[in-house]
Amino acid sequence: TSIGTLDSRTSNISDYVIQSQMPTAENNYTWYRKYKSGWVEQGGYTSMTDAVITINLPVTMSDTNYTLLLFQEKNTDGQNVPGITAKTTTSFSINASSNANGGWQVSGIAL
């Protein structure tokens, strides 16, 4: 499809996905959707240990004012839920609990 054809098909749509990635083992189960406006939704799944875990974002954000959501599956140790310890435009770190898996989702404006 040429750009001209794409532009004519999307002229009545204010925003639409221009890039995306599906989660696979090769990309560490991360995914993203980047929209024409610059808005990005991205996320992933990770094993959580009792150490600090750094997650590298598949898409660089424009600043650190993005929304970050964390969730944790059942924890067999009774440890606390994960907490954010650092946040940059390319990654974030969490202090995770042992014996748990969890996921994350980031949304905001990308570069």
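Residues numbered from 1 in each chain as written. Predicted model: local features only at pLDDT ≥ 70, side-chain atom pairs only at ≥ 80, totals over all residues. Heavy atoms only, no water.

Examining the overall build of the protein
When helices and strands are counted, the protein shows one helix and eight strands. Helices and strands appear in the protein in the N-to-C order α-β-β-β-β-β-β-β-β. For the protein, buried positions account for 36% of its 111 residues. Long-range contacts, defined as pairs at least 24 residues apart, comprise 59% of the intrachain contacts of the protein with a sequence gap of at least 6. Of the roughly 6800 Å² of accessible surface on the protein, 49% is carried by carbon and sulfur atoms. (Helix = DSSP H or I, 4+ residues; strand = E, 2+ residues; numbered from the N terminus. Buried < 20%, exposed > 50% of the residue type's maximum accessible area, 1.4 Å probe, protein only. Contact = heavy atoms within 4.5 Å. Areas by Shrake-Rupley, 256 points an atom, 1.4 Å probe, with all protein chains shown as cover.)

Observations regarding the sheet that holds strand E6 (residues 83–87)
The sheet built from three strands is open, its strands ordered E4-E7-E6 with antiparallel pairing. The sheet terminates laterally at strand E4 (52–56) and E6, the two strands that pair on one side only. Taken pair by pair, the neighbouring strands of this sheet meet at an average axis angle of 25°, ignoring direction. Sheet analysis places E4 next to strand E7 (residues 91–95), joined by five bridges and oriented antiparallel. Bridged to Ile53 within E7 is Ile94. (Pairing = 2+ DSSP bridges. Axes fitted to C-alpha atoms, helices over the stretch in contact; angles between N-to-C directions.)

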